[in-house]
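Descriptive analysis of the structure
Take a look at the letters that make up each chain.
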Amino acid sequence: YSQGHERPEGDYCPICTLPIPLPMDEHSYFNVCCMKMICRGCNYAAQKRGLLDCPFCRAPIPGNDTDSLAMVRARVAKKDPAAIH
């Protein structure tokens, strides 16, 4: 932050609002139910509290690729730009 650079909005965890460390793929999980990238810390805290669903939207985590594709298609049908991209 000291150099005047700002990170895009998607680089922040929507739960704790902290920036997700780089490389983001190693420090976060992408949930197809809500199209949100959650940091590993928030995901771990949710699991520790016994929440096995999505920590952001509370939807069940899909068990296979068919369920994941159905969730993405549902988000596209609702015109979610993150799902369309």
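Residues numbered from 1 in each chain as written. Predicted model: local features only at pLDDT ≥ 70, side-chain atom pairs only at ≥ 80, totals over all residues. Heavy atoms only, no water.

1. Points about the overall build of the protein
For the protein, the count of helices and strands is 4 helices and 2 strands. Shown N-terminal to C-terminal, the secondary structure of the protein runs as helices and strands in the order α-β-β-α-α-α. Each of the 85 residues in the protein was classed as buried or not, and the buried ones make up 26%. Excluding contacts between residues fewer than 6 apart, the proportion of contacts in the protein whose partners are at least 24 apart in sequence is 30%. If you sum the accessible surface of the protein, you get close to 6,300 Å²; carbon and sulfur atoms cover 56% of it. (Helix = DSSP H or I, 4+ residues; strand = E, 2+ residues; numbered from the N terminus. Buried < 20%, exposed > 50% of the residue type's maximum accessible area, 1.4 Å probe, protein only. Contact = heavy atoms within 4.5 Å. Areas by Shrake-Rupley, 256 points an atom, 1.4 Å probe, with all protein chains shown as cover.)

2. Examining the side chain of N43
Relative to the assigned elements, N43 resides in helix α2 (residues 40-48). Ignoring any residue separated from it by four or fewer positions in sequence, one finds N43 in contact with Y29, I38 and P55.

3. Thoughts on the environment of L51
With respect to the element layout, L51 can be found in the loop between α2 and α3 (65-77). With residues up to four places along the chain from it excluded, the contact list for L51 reads A46 and R58.

4. So, α3
End to end, α3 covers 18 Å across 13 residues, agreeing with the expected 18 Å (1.5 Å per residue, within 8%). Measuring from the backbone nitrogen of T66 back to the side-chain oxygen at the start of α3 gives 3.2 Å, which picks out N64 as the cap. (Expected span 1.5 Å × (residues − 1). Polar contact = N/O pair within 3.5 Å; in protein donor to acceptor, adjacent residues only side chain to side chain.)

5. A closer look at α2
Taken together, the buried positions of α2 are occupied by C42, N43 and A46. Buried residues along α2 cover an arc of 100° about the axis, so they all sit on one side. Projecting away from the buried face of α2 at angles above 90 degrees are the exposed residues Y44 and K48. Those residues of α2 that are buried are in contact with β1 (28-31) and β2 (36-39). G50 occupies a position one or two residues after α2 and carries a positive phi of about 95°. (Arc of directions from axis to C-beta.)

6. Regarding the pairing of β1
Here β1 pairs with β2 via 4 bridges, running antiparallel. Across the sheet, the residue bridging to Y29 is I38, located in β2. With antiparallel pairing between neighbouring strands as the criterion, β1 and β2 make up a hairpin whose turn holds 4 residues, including M35 at a positive phi of roughly 60°. (Pairing = 2+ DSSP bridges.)

7. Comments concerning the side chain of D80
On the secondary structure map, D80 appears in the loop between α3 and α4 (81-84). By relative accessible area, which is 13% here, D80 ends up buried. Other than its neighbours up to four places away in sequence, D80 contacts C34, M35 and R75.

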